Amino acid sequence: MATVRLSFSPAPVHVRTARLVGVAVARRAGVREDLLDEVRLAIGEACTRAVALHRQYGLTEPVLVEMSDSGTYAVRVVDRAPIEAGIGLAALDADQLANESLNEDDLTTGVGFALLAGFVEDLQVRPVDEGVGTEVRMVWPLGR
C-alpha cells in the first residue's frame with residue numbers, strides 16, 4: 001500500500017496543486033480513466049471547503065490531504081476548524097441538502113457536502129479530534 005501525504009497552508013492557490021497531485025496518484029493507483037474528472041472535482045471541492053473554513057476562523061494550521069491505494073483509492077482531507085463549523089450539515093444526504101435553506105455560514109459546509117455527494121459514492125465525514133477538525137474521506141474503486 002502506498003500513501004502520499006500533502007499538507008498546505010490554507011490559501012486557495014494551493015487547492016490546484018492538491019487536485020493535480022490527487023489525480024496523478026489516482027492514475028498511478030489504477031483508478032479508471034473515466035473517474036478521474038470526478039476525482040479532480042471532489043478533491044478540489046473538499047480542499048476548497050477546508051481552506052474556506054480555515055480562513056473563516058483565522059486558522060493558520062495546514063490543511064492535510066492523504067491519498068492511499070489499499071484495494072481502493074482513498075483520499076482524506078482534514079481541516080482544523082471547530083467541529084460545529086465543519087460538520088454541521090454532514091449528516092444530511094444530498095437530497096436533504098438540496099431542499100434545506102442554507103444561511104451564509106452553512107454555505108461552506110452544506111453546499112460543499114452536496115457537491116461532494118454528487119461526485120463520490122463512498123463519502124464519509126467525521127470529526128478527527130475532540131472539538132477540533134473534520135475529516136472528509138472519499139473512496140473510488142481501482143480499475144485493475
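Residues numbered from 1 in each chain as written. Predicted model: local features only at pLDDT ≥ 70, side-chain atom pairs only at ≥ 80, totals over all residues. Heavy atoms only, no water.

Per an unreviewed UniProt entry, the protein goes by the name Anti-sigma regulatory factor (Ser/Thr protein kinase) and belongs to Micromonospora nigra.

Peer 1: Give me the lowdown on helix α2 (residues 36-56), citing residues and values where you can.
Peer 2: Taking 1.5 Å of rise per residue, the 21 residues of α2 would be expected to cover 30 Å, and the 30 Å separating its terminal C-alpha atoms lies within 8% of that figure. A positive phi of about 65° marks Gly-58, the residue just after α2. (Helix = DSSP H or I, 4+ residues; strand = E, 2+ residues; numbered from the N terminus. Expected span 1.5 Å × (residues − 1).)

Peer 1: Tell me about the sheet that holds strand β3 (residues 72-82), and name the residues and values.
Peer 2: The five strands lie next to each other as β1-β2-β3-β5-β4, forming an open sheet whose pairing is antiparallel. Both outer strands of the open sheet, β1 (3-8) and β4 (122-127), are each paired with one neighbouring strand and no more. The average undirected angle you get between the axes of adjacent strands in this sheet is 15°. Of the strand pairs in this sheet, β3 and strand β5 (residues 132-141) are connected by nine bridges, and their pairing is antiparallel. Within β5, the position partnered with Ala-74 by the bridge is Val-139. (Pairing = 2+ DSSP bridges. Axes fitted to C-alpha atoms, helices over the stretch in contact; angles between N-to-C directions.)

Peer 1: Lay out the environment of Ala-46 with the relevant residues and their values.
Peer 2: Turning to its location among the elements, Ala-46 is positioned in helix α2. Overall, the relative accessible area of 0% leaves Ala-46 in the buried class. Each C-alpha atom of the pair Ala-46 and Arg-137 lies 9.1 Å from the other, and the pair is 91 residues apart in sequence. (Buried < 20%, exposed > 50% of the residue type's maximum accessible area, 1.4 Å probe, protein only.)

Peer 1: Give me the lowdown on the pairing of β3, citing residues and values where you can.
Peer 2: In this structure, strand β2 (residues 63-68) lies alongside β3, joined through five bridges in antiparallel fashion. Opposite Val-65, over in β3, you have Val-77 as the bridge partner.

Peer 1: How would you summarise the environment of His-54 if you had to cite specific residues and measurements?
Peer 2: As for its position among the elements, His-54 is in helix α2. The exposure class assigned to His-54 is buried, which follows from its relative accessible area of 0%. In the structure, His-54 is positioned 43 residues away from Ala-11 in sequence and 8.9 Å away in space, judged by C-alpha atoms. If we ignore the near neighbours within four places in the chain, the residues touching His-54 are Pro-10, Leu-59, Glu-61, Pro-62, Val-63, Asp-79, Arg-80 and Ala-81. Of the polar contacts made by the side chain of His-54, one reaches the backbone nitrogen of Arg-80; its length is 2.9 Å. (Contact = heavy atoms within 4.5 Å. Polar contact = N/O pair within 3.5 Å; in protein donor to acceptor, adjacent residues only side chain to side chain.)

Peer 1: Please set out the pattern of salt bridges residue by residue, giving values where relevant.
Peer 2: Counting across every chain of the model gives eight salt bridges. Here Arg-76 and Glu-135 are joined by a salt bridge, their closest N and O atoms 2.5 Å apart. Taken as a pair, Arg-76 in strand β3 and Glu-135 in strand β5 lie far apart in primary sequence, 59 residues in all. Overall, the relative accessible area of 21% leaves Arg-76 in the partly exposed class. The salt bridge involving Arg-126 is made with Glu-135; its shortest N-O contact spans 2.7 Å. Several salt bridges share partner residues, and in doing so they unite Arg-5, Glu-66, Arg-76, Arg-126 and Glu-135 into one network. (Salt bridge = Lys/Arg side-chain N within 4 Å of Asp/Glu carboxyl O.)

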